[in-house]
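Here are the chains, one letter per residue:
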Amino acid sequence: ELKVEQNPLFLSMQEGKNYTIYCNYSTTSDRLYWYRQDPGKSLESLFVLLSNGAVKQEGRLMASLDTKARLSTLHITAAVHDLSATYFCAVENTGNQFYFGTGTSLTVIP
Amino acid sequence: GAVVSQHPSRVICKSGTSVKIECRSLDFQATTMFWYRQFPKQSLMLMATSNEGSKATYEQGVEKDKFLINHASLTLSTLTVTSAHPEDSSFYICSARPGSGNTIYFGEGSWLTVV
């Protein structure tokens, strides 16, 4: 069974600060996704990483993938309040099934 | 762009009754759809893979007789929660991918409350 772990589970950070969320997974995969979820809502796609060494950036968020280490990171630069949400990574297996990480609840404090 | 729609978005049912949730791909065909469940403040857990024209594949620990999945057409999969209990109250989300491309689309989710 594919297992996906994120850390930290909870993150409280001040506006303007930087931080990284980590996503480790247990089996070989080169398809890694990051999603944002606001309370009571479905998933908003942030990044799709499809190869070793992939790096993507959008605004204050940057995601990377190291398939050899089975690790993806989501880096937050100069956080703002609007980034407060829960962030999930998800790994896709060869059957197109997604296995989600435990989630990181981010709160950005003014 | 491609959209996956779920209906209803919120439903309340009484214990012991059954409730059906629909997942539609609005502008593409999907031979495979996926159903996930999310309890409050928890992650999403894959429940089953819905296959058009054949039986669904259930994840370990998911009761196939309780969570009936029907994928009768290339644009519609339904999840029926039978004999619902309060512990079935959850957020149910489906996903689907067009035949080509890397993008997978998630539905808006359906909140089920069993009272």
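Residues numbered from 1 in each chain as written. Chains lettered and ligands numbered in written order. Predicted model: local features only at pLDDT ≥ 70, side-chain atom pairs only at ≥ 80, totals over all residues. Heavy atoms only, no water.

A. Structural detail: the pattern of salt bridges. Residues and elements named next belong to chain A. Counting across every chain of the model gives 5 salt bridges over all chains. Where R31 meets E92, a salt bridge forms, and the shortest distance between an N and an O atom there is 2.8 Å. In this pair, R31 sits in the loop between β3 (19–25) and β4 (32–37) while E92 sits in strand β9 (residues 85–92), placing the two residues 61 residues apart along the sequence. Classification of E92 as buried rests on a relative accessible area of 2%. (Salt bridge = Lys/Arg side-chain N within 4 Å of Asp/Glu carboxyl O. Helix = DSSP H or I, 4+ residues; strand = E, 2+ residues; numbered from the N terminus. Buried < 20%, exposed > 50% of the residue type's maximum accessible area, 1.4 Å probe, protein only.)

B. The arrangement of the state of the cysteines in detail. For the structure shown, the criterion picks out 2 disulfides over all chains. Covalently, C23(A) is tied to C89(A) through a disulfide, its sulfur atoms 2.0 Å apart. Judged by the sign of its S-S torsion, about 80 degrees, the cystine formed by C23(A) and C89(A) is right-handed. Taken together, the positions of C23(A) in strand β3 and C89(A) in strand β9 put the pair 66 residues apart, joining distant regions of the chain. C89(A) matches C23(A) in its accessibility class, with the two residues each being buried. Disulfide partner of C23(B): C94(B), at an S-S distance of 2.0 Å. On the sign convention where negative is left-handed, the bridge of C23(B) and C94(B), at about 85 degrees about the S-S bond, is right-handed. Of this pair, C23(B) sits in strand β3 (residues 19–25) while C94(B) sits in strand β9 (residues 90–96), and the two are 71 residues apart along the sequence. Its relative accessible area of 0% is what places C94(B) among the buried residues. (Disulfide = S-S within 2.5 Å.)

C. Structural view of the interface of chain A and chain B. Listed as interface residues are 19 residues of chain A and, on the opposing side, 19 residues of chain B. A buried area of about 1500 Å², summed over both sides, lies between chain A and chain B, and 52% of it is on carbon and sulfur atoms. The interface formed by chain A and chain B includes 1 salt bridge. Note that R97(B) and E92(A) form a salt bridge whose closest N and O atoms lie 2.6 Å from each other. At the junction of chain A and chain B, the tally comes to 9 residue pairs in polar contact (both at pLDDT 80 or more). When the residues that make up the side of chain A that touches chain B are grouped by side-chain class, the tally is 8 nonpolar, 8 polar and 3 charged. (Contact = heavy atoms within 4.5 Å. Buried area = accessible area lost by both parts, 1.4 Å probe. Polar contact = N/O pair within 3.5 Å; in protein donor to acceptor, adjacent residues only side chain to side chain. Nonpolar A, V, L, I, M, F, W, Y, C, P; charged D, E, K, R; others polar.)

D. Highlighting the sheet that holds β3(A). Residues and elements named next belong to chain A. Across the sheet, which stays open at both edges, the 5 strands sit in the order β1-β3-β8-β7-β6 with antiparallel pairing between neighbours. Edge positions in the open sheet fall to β1 (4–7) and β6 (55–58), since each of these has one partner strand only. Strand-to-strand twist of the sheet, defined as the mean angle between neighbouring strand axes without regard to direction, takes the value 15 degrees. (Pairing = 2+ DSSP bridges. Axes fitted to C-alpha atoms, helices over the stretch in contact; angles between N-to-C directions.)

E. Representation of the nonpolar core within the structure. Residues L32(A), W34(A), Y35(A), F98(A), F100(A) and F106(B) are the most contacted members of the largest nonpolar core, which totals 41 residues. Here this core gets 6 residues from one element, more than from any other, and that element is β9(A). With sequence-adjacent residues up to four places away left out, F100(A) is seen in contact with V4(A), Y35(A), L43(A), F88(A), C89(A), A90(A), Y36(B), S43(B), L44(B) and F106(B). Ranked by size, the runner-up nonpolar core spans 24 residues in total, among them V4(B), V11(B), A84(B) and C94(B). (Core = buried A, V, L, I, M, F, W, Y, C linked by side-chain atoms within 4.5 Å.)

F. Region of the structure containing the sheet that holds β3(B). All names here are of chain B. The strand order across the open sheet formed by 4 strands is β1-β3-β8-β7, and the pairing between neighbours is antiparallel. The two strands at the open ends of the sheet, each matched to only one other strand, are β1 (4–7) and β7 (67–73). Taking each pair of neighbouring strands and ignoring which way they run, the sheet shows an average axis angle of 15 degrees. Of the strand pairs in this sheet, β3 and strand β8 (residues 76–81) are connected by 6 bridges, and their pairing is antiparallel. Bridge pairing in β8 links I21 to L79.

G. Up close: the packing of aromatic side chains. Applying the stated rule across the entire model yields 14 aromatic pairs over all chains. Judged by centre distance (6.1 Å) and plane angle (45 degrees), the rings of Y35(A) and F100(A) are tilted. You can see Y35(A) sitting in strand β4 and its partner F100(A) sitting in strand β10 (residues 98–100), a full 65 residues away along the chain. Take Y35(A): its relative accessible area is 2%, and that puts it in the buried class. Residue F100(A) is classed as buried on the basis of its relative accessible area, which comes to 8%. Plain terms: the ring middles of Y35(A) and F106(B) are 5.2 Å apart, the flat faces sit at 80 degrees to each other, and that makes the pair edge-to-face. Here Y35(A) is found in strand β4, whereas its partner F106(B) is found in strand β10 (residues 105–106) on a different chain. The pair formed by Y35(A) and F106(B) is uniform in burial state, with each residue classed as buried. By way of ring pairs, the aromatic residues Y33(A), Y35(A), F88(A), F98(A), F100(A), Y36(B) and F106(B) are connected into one cluster. Sitting over the ring of F67(B), K66(B) keeps its end group 5.9 Å from the ring centre. (Phe/Tyr/Trp six-rings, centres within 6.5 Å; stacked < 30°, edge-to-face > 60°. Lys NZ or Arg CZ within 6 Å of the ring centre and 35° of its normal.)

This is a description of form; function is not addressed.
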